[in-house]
Structure formats: structure tokens, C-alpha cells
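The residues making up each chain are set out below.
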Amino acid sequence: MDNTNLLSKNNLTMLTDFYEITMANGFFCTGNGERIVYFDMFFRTIPDGGGLAIMAGIEQVIRYIKDLTFTDDDIAYLREKKLFNEQFLEYLRNFKFTCDVWAVPEGTPIFPHEPIVTVRGPAMQAQFIETMILVLVNHQSLIATKSSRIVRAAQGRPVMEFGSRRAQGCDGAIYGARASYIAGCSGTACTIVDREFGIPALGTMAHSWVQLFDSEYEAFKAYATTYPDSCTLLVDTYNVLKSGIPNAIRVFNEVLVPNGHRPRGIRIDSGDITYLSKKARKMLDEAGFPDCKITASNSLDEYIIQDMIRQGACVDNFGVGERMITASSAPVFGGVYKLVAVEQDGEIIPKIKVSENIAKITNPGFKKLWRLYDRENNKAIADVLTMHDEIIDDTKPYEIFDPEHIWKRKTLTDFRAVPLQVQLFEDGKSVYESPSVEEIRTYCKEQMETIWDEVLRFENPHRYYVDLSQKLWDEKQRLLLQHGHKM
């Protein structure tokens, strides 16, 4: 099955900010349309005050770019606006993407101010794809980042994504489920995601199943008879301890055990789940079902899960919905897309955006992103941005320094340097095959193991350093001085 993604079923070429089209037309009319430029996508702050974010959405970026084409209807719409040069519209009719694109692979831990996507190519094209790159990477990276926090809070207990009905629209449900799986969730409640991406679809019953029958016992019995090998019963429709668990145990003994089956589990979706899970565990164990798993759901997040575990909740699995699929505590990722260089007579000229807000000052130039690992323990030490033509030779000592407090310096010796970006497109041709979502998930798990626990803290995490090479730092200072600023 071709499960690359659902974007291929829709032409989203016109999903742009209108200024991207007006600027493209302006570039065309002023003779700047084919001028080669460089754009970086990066973000400035980590959601929820966390120590890291998770990269996601690149497979969809690739599909979007591959499918870029302007239809006759698109051209007719733009002509009706009476704003655009007719030659420009003809250019769009025969549009061919010719940019180079690089990106950090999905599943990689990422940090503020790093170029997670870089685009080089004609100004008209590079500017035009801004919105969709931001839409795709911002959304999935946001959900992957939130999901990673929740998965870590569960301390190895499976977390199921239950958020389809709370997501912001169909794409939010589908791609949010994909992102959550990359970050470590065990599966999803969203059926179409199983079909399209091979992510396990999970789920048993709702309260309506129990309510439909004349009694809770009859509802449980009917379900156990229908699904004897995967019987998980929702026990909180009426009263967890007085009816739900007793009726579940009765059905286990009457329907499953005599026919050689064991119950899969129970689910508690309301009430004080920590208290109820302890009581339920005792009742199930005493009835001879210590292997019956307890699943908890009901507006959970990383903090609630963390507290439940600290308080001794007897929960084996968590189902998390709205607070994960919407990242409700920090619902904006905030990635931006900025011009960082232009080519002139074959030379790359760095460009900088200056602001009174220091966080909004960009890192100029065509850059390379490196991650430095300790060879002894394979932990990530720091990331370093260099100019594109620089090489970090990890066979020699290398000095890193804080780009804001430059007196903070450290010389590394026993380390390895790894470039983080991979090339997606070369001269408009796709040169990268996106891994399967299962491979991305495994890669993400491996990469998270390289991050120090101090960076993974939910509260006041250690700041992971993203440093600049001396050459890049000097160029940034030169441009700041040129524009009347000094850091």
C-alpha cells in the first residue's frame, strides 16, 4: 500500500499567505525572480518551557513540494484579482520547482535558533513555499514534542493517542496521530492512520455500548463473547468498584476462562483514577486475574500522569486525548522562515534580520548544523552552527563557546561531530526517501537516549547549548555593527 501521505490526494499549491504570491509577482516584475536566495526555518522557544523539541513533518513537506503545480483554476483565480502580471501568470502555469532543500530528519531532538529546514533557490520559489513548510513542520513538531513529554512521564508504560475527536480538524487528527507515534506513543484511536501509515489502531468500547444493554453485566458478556481474545471492558459507566469490576470479574469467569481465554484488561475513564486503580488491582488480583491490565484515560497530561505514578496508581497503560492532540498547554510551535543569504556574482552574501528583541535577531548566512557527542557515553554535548564551508574535525581539539556570553568556553577532545541536516531536493529533484514511520519512531527513541536527563526535566530543564563557530559569530557581529547594533 502507498501510505506516503494524504496530501497527495489534494492540490495544496494555493495554501499560501497571499503576500507570497504578491512578492513572487514583484520579484518577477523587478527582475529578481531568479535571484538565488537562502531561507532558514527555525523556532525561538520550546513549548511548555521544555528542554527540547522533536522534529516532525518532513515526509509531508516532501510530498507537498513534489505535487507543486498551478491548475487552470488557480491561474483564473489569480487573474481575477487584477494584481498580477500576465507573464508571471504564464510562469506559474509552467511552474517547475528547482530549489535545493535540506532538513533535520524527523524524530531528531531540536533546539531554538537551529536551521531545521534550509531552502536555496530562485527567490520566487523559495518564498512561495514558506507557508506550507511552516504549517507542516510546526504542527507535527508541536504534537511530537508534547507527546514526547507525556510518554516520558509514563515511565515506560504504553501511552495510546486518543485525541481524534478533539483535534483541530481532520488533518490535525491524522498528522497529530502520526507525530505522537514518532514520539513514542504505542498506537492511536484513529483508524485511518492505521490504514495510511501502519500505526496500530487501538480501541474497544465506549459508554454507549454499556448503556445500550439492559444491564452492565449483559453488555460485558456480549463484548467478551464477541472479542474473547482481546477483551478490555470499560468499567466506569455506573460505579467502578460496586458494579464495574464485579461484573467484569463475573464475565471473565463465566465467558473467558471456561473457553481457554484470559481478559486483556479494564479501562477507567472517570473519577479518582489513582484511588480506583489501586482498589481495582486488589480486586482483580484476588479474583485470579493479576495479568488483567488497567488502562486509564480522561483528560490526562504529563503532570497528571507523573502525579498518578508518584501516588502509586496501579495503571499499566494510559490513553491520552485532547491535551496531547492539541498540545493545549502550549498550542503554538512558533517556527519562522527567514531570509539568511543571497547570491551575487557567484558569491554567497549573508543577510541578517535585526531587532530590539535579541531573540529575533537571526543567524546570517548559508550554514551547517552539527551535533557534538561525547565518544565515551554517546551523550550530546552541544550543537554548533558553522558557515556552510566549515568542517568540524573531530580528530582535533575543538573550542565551543556561548554566543551570548563569549567568555564561557570549553575545549572538546574526545568527541564526534555529526552534521544534522540531510538533503531532500537537489535542483528540484527529490533525492531523499523518507523512512517509514516505524523507522522514524525507532530513530527518535535512539536519539532521545543521547540527551542528558537534566535537559529532559519538565520544570527548569538544563539549557542545551546551540553555539556558533568563531567564523559565524564574527560574521554576525560584523553585520550587526554594519546595521548600527552591537551585542
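K.L.:
Sorry if this is basic, but what is going on with helix α11 (residues 240-256) here?
P.N.:
The first and last C-alpha atoms of α11 sit only 20 Å apart over 17 residues, clearly below the 24 Å expected at 1.5 Å per residue. Along α11, the residues classified as buried are V240, S243, G244, I245, N247, A248, I249, V251, F252, V255 and L256. As for α11, its buried residues are in contact with α10 (216-226), β8 (232-234), β9 (265-268) and α12 (273-286). Sitting at the head of α11, N239 places a side-chain oxygen 3.3 Å from the backbone nitrogen of L241.

K.L.:
Is there a simple way to explain the nonpolar core in this structure?
P.N.:
One recurring pattern in soluble globular proteins is that nonpolar side chains are buried together. Residues F88, F97, V117, V119, I129 and Y337 are the most contacted members of the largest nonpolar core, which totals 86 residues. For this core, the element with the highest residue contribution is helix α6 (residues 130-153), accounting for 8 residues. One finds V159, Y223, C231 and C292 within the second-largest nonpolar core, a separate group that totals 45 residues.

K.L.:
Which parts of the structure should I look at to understand the sheet that holds β9?
P.N.:
Read across the open sheet, the 6 strands follow the order β7-β6-β11-β10-β9-β8; overall the sheet is parallel. In this open sheet, the two strands that pair with only one neighbour each are β7 (187-188) and β8. Looking at chain direction, strand β6 (residues 159-161) and strand β11 (residues 317-320) are connected through 3 bridges and run parallel. Bridge assignment links M160 to a residue of β11, and that residue is G319.

K.L.:
Would you take a moment to explain the sheet that holds strand β14 (residues 367-374) for this structure?
P.N.:
The strands making up a sheet are joined through hydrogen bonds of the backbone, oriented either antiparallel or parallel. A sheet is described by the order of its strands in space; here 4 strands give the open sequence β18-β14-β15-β21, paired in mixed fashion. Sheet topology places β18 (415-419) and β21 (466-468) at the edges, where each strand pairs with a single neighbour. Each neighbouring strand pair of the sheet contributes to a mean axis angle of 30°, computed without reference to strand direction. Two strands pair when backbone bridges link them, and β14 and β18 are joined in this way by 5 bridges, in the antiparallel orientation. Bridge assignment links R371 to a residue of β18, and that residue is V418.

K.L.:
Would you explain helix α17 (residues 470-482) in this entry?
P.N.:
For an α-helix the count is 3.6 residues per turn, leaving residues at separations of three or four pointing the same way. Taking 1.5 Å of rise per residue, the 13 residues of α17 would be expected to cover 18 Å, and the 18 Å separating its terminal C-alpha atoms lies within 8% of that figure. Buried within α17 we find L472, W473, E475, K476, Q477, L479 and L480. Where α17 is buried, its residues touch β13 (347-350), β14, β15 (380-387), β16 (398-401) and β21. Positioned one or two residues after α17, G484 has a phi angle of 85°, which is positive.

K.L.:
Can you help me understand the pairing of strand β19 (residues 422-426) in this one?
P.N.:
Moving residue by residue along a regular strand, the side chains alternate between the two faces of the sheet. Inspection of the sheet shows strand β3 (residues 100-103) paired to β19 by 3 bridges, in the antiparallel sense. Residue pairing for β19: W102 is matched across the bridge by Q423. One ladder, built from 2 bridges, connects β19 with strand β20 (residues 429-430); its direction is antiparallel. Opposite F425, over in β20, you have S430 as the bridge partner. Count of turn residues in the β19/β20 antiparallel hairpin: 2 residues, of which D427 carries a positive phi of about 55°.

K.L.:
Would you take a moment to explain the pattern of salt bridges for this structure?
P.N.:
Side chains that differ in sign of charge can pair as their charged atoms come close. Taken as a whole and assessed by the stated rule, the structure comprises 32 salt bridges. Close ionic contact of R310 with D307 constitutes a salt bridge, the shortest N to O distance being 3.6 Å. Of this pair, R310 and D307 both sit in helix α13 (residues 302-310), 3 residues apart, which is roughly one turn of the helix. The exposure class assigned to D307 is partly exposed, which follows from its relative accessible area of 35%. For R409, the salt bridge goes to E399, with nearest N and O atoms at 2.9 Å. With R409 in strand β17 (residues 409-412) and E399 in strand β16, the pair connects residues that are 10 residues apart, well separated along the chain. Given a relative accessible area of 36%, R409 falls into the partly exposed group. Classification of E399 by relative accessible area gives partly exposed; the value is 40%. Put simply, D48, K146, R149 and E302 are held in one network by salt bridges that share partners.

K.L.:
Any chance you could explain the state of the cysteines here in plain terms?
P.N.:
Every disulfide links exactly two cysteines, by a covalent bond between their sulfur atoms. Going through the model one piece at a time under the given rule, you end up with 0 disulfides. For C29, which is in no disulfide, the shortest distance to another cysteine sulfur is to C99 and amounts to 19 Å. Cysteine C185 is unpaired, with the sulfur of C444 as its nearest cysteine sulfur at 11 Å. In this structure C185 comes out as buried when scored by relative accessible area, which is 0%.

K.L.:
So what exactly am I meant to see when it comes to the packing of helix α2 (residues 58-66) against α6 here?
P.N.:
Any two packed helices are characterised by the angle at which their axes cross and by the distance between the axes. One can describe the packing of α2 onto α6 by two numbers: an axis separation of 9 Å at closest approach and a directional angle of 160°. On the basis of their axis angle, the class for α2 and α6 is roughly antiparallel. Considering how the two elements wind past one another, α2 and α6 form a crossing that is right-handed. Counted together, I58, Q60, V61 and Y64 of α2 and M132, I133, L136, V137 and Q140 of α6 form the full contact between these two elements. Per-class residue counts for the contact of α2 with α6 are 7 nonpolar, 2 polar and no charged.

K.L.:
Is there a simple way to think about the packing of aromatic side chains in this case?
P.N.:
Any aromatic ring pair is given by two values, namely how distant the centres are and how the planes are angled relative to each other. Scanning the entire structure with this criterion turns up 21 aromatic pairs. A ring pair is formed by F88 and Y91, whose centres lie 6.4 Å apart and whose planes are at 20°; its orientation type is stacked. Here Y91 and F88 lie together in helix α4 (residues 86-93), a separation of 3 residues that amounts to about one turn. For the pair F88 and Y91, one class covers both residues: buried. Taking NZ or CZ as reference, R250 lies 3.6 Å from the ring centre of Y217, over its face. One Lys or Arg, R441, reaches over the ring of Y181 and ends 4.5 Å from the middle of that ring.

About the cut-offs
- Residues numbered from 1 in each chain as written.
- Predicted model: local features only at pLDDT ≥ 70, side-chain atom pairs only at ≥ 80, totals over all residues.
- Heavy atoms only, no water.
- Helix = DSSP H or I, 4+ residues; strand = E, 2+ residues; numbered from the N terminus.
- Expected span 1.5 Å × (residues − 1).
- Buried < 20%, exposed > 50% of the residue type's maximum accessible area, 1.4 Å probe, protein only.
- Contact = heavy atoms within 4.5 Å.
- Polar contact = N/O pair within 3.5 Å; in protein donor to acceptor, adjacent residues only side chain to side chain.
- Core = buried A, V, L, I, M, F, W, Y, C linked by side-chain atoms within 4.5 Å.
- Pairing = 2+ DSSP bridges.
- Axes fitted to C-alpha atoms, helices over the stretch in contact; angles between N-to-C directions.
- Salt bridge = Lys/Arg side-chain N within 4 Å of Asp/Glu carboxyl O.
- Disulfide = S-S within 2.5 Å.
- Parallel < 35°, antiparallel > 145°, perpendicular 65-115°, else oblique.
- Left-handed = near helix turned anticlockwise from the far one by under 90°.
- Nonpolar A, V, L, I, M, F, W, Y, C, P; charged D, E, K, R; others polar.
- Phe/Tyr/Trp six-rings, centres within 6.5 Å; stacked < 30°, edge-to-face > 60°.
- Lys NZ or Arg CZ within 6 Å of the ring centre and 35° of its normal.

None of this, on its own, says anything about what the molecule does.
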